[in-house]
Amino acid sequence: MPVRTHSRPHPATRGGAEIRLRWWALALPSLAFVALLALILNPSDAQAADGDPAIARLLERVQQLVAR
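This text gives an overview of the structure that appears in the document. (Residues numbered from 1 in each chain as written. Predicted model: local features only at pLDDT ≥ 70, side-chain atom pairs only at ≥ 80, totals over all residues. Heavy atoms only, no water.)

With that settled, the discussion passes to the overall build of the chain. Helix and strand counts for the chain stand at two helices and zero strands. Out of the 68 residues belonging to the chain, those deemed buried represent 0%. Carbon and sulfur atoms form 62% of the exposed surface of the chain, whose accessible area is close to 7,500 Å². (Helix = DSSP H or I, 4+ residues; strand = E, 2+ residues; numbered from the N terminus. Buried < 20%, exposed > 50% of the residue type's maximum accessible area, 1.4 Å probe, protein only. Areas by Shrake-Rupley, 256 points an atom, 1.4 Å probe, with all protein chains shown as cover.)

Before going further, it helps to examine a nonpolar patch on the surface. Judged by side-chain polarity, Phe33, Val34, Leu37, Ile40 and Leu41 come together as a nonpolar surface patch covering roughly 560 Å² of accessible area. Here Leu41 lies in helix 1 (residues 23–41). (Patch = residues over 30% accessible without salt bridge, like charges linked within 9 Å, V, L, I, M, F, W, Y side chains within 5 Å. Salt bridge = Lys/Arg side-chain N within 4 Å of Asp/Glu carboxyl O.)

The following block contains the structure:
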């Protein structure tokens with residue numbers, strides 16, 4: 001038995017679609033850009049993190065396993 005398909009009673013309108021961004025969608029990338037730019041302009045402020053040697057060894061081992 002054939003199944004009837006339902007059609008839309010009114011065609012969808014395509015004009016006037018509003019796209020609104022949240023405030024953080026513009027603020028966070030801008031903040032990240034400014035922070036990276038500040039590090040480039042003044043690299044003496046950038047310091048290496050004191051990491052645990054065990055974490056460094058773990059990351060090195062993971063890198064070796066992925067490279068295989």
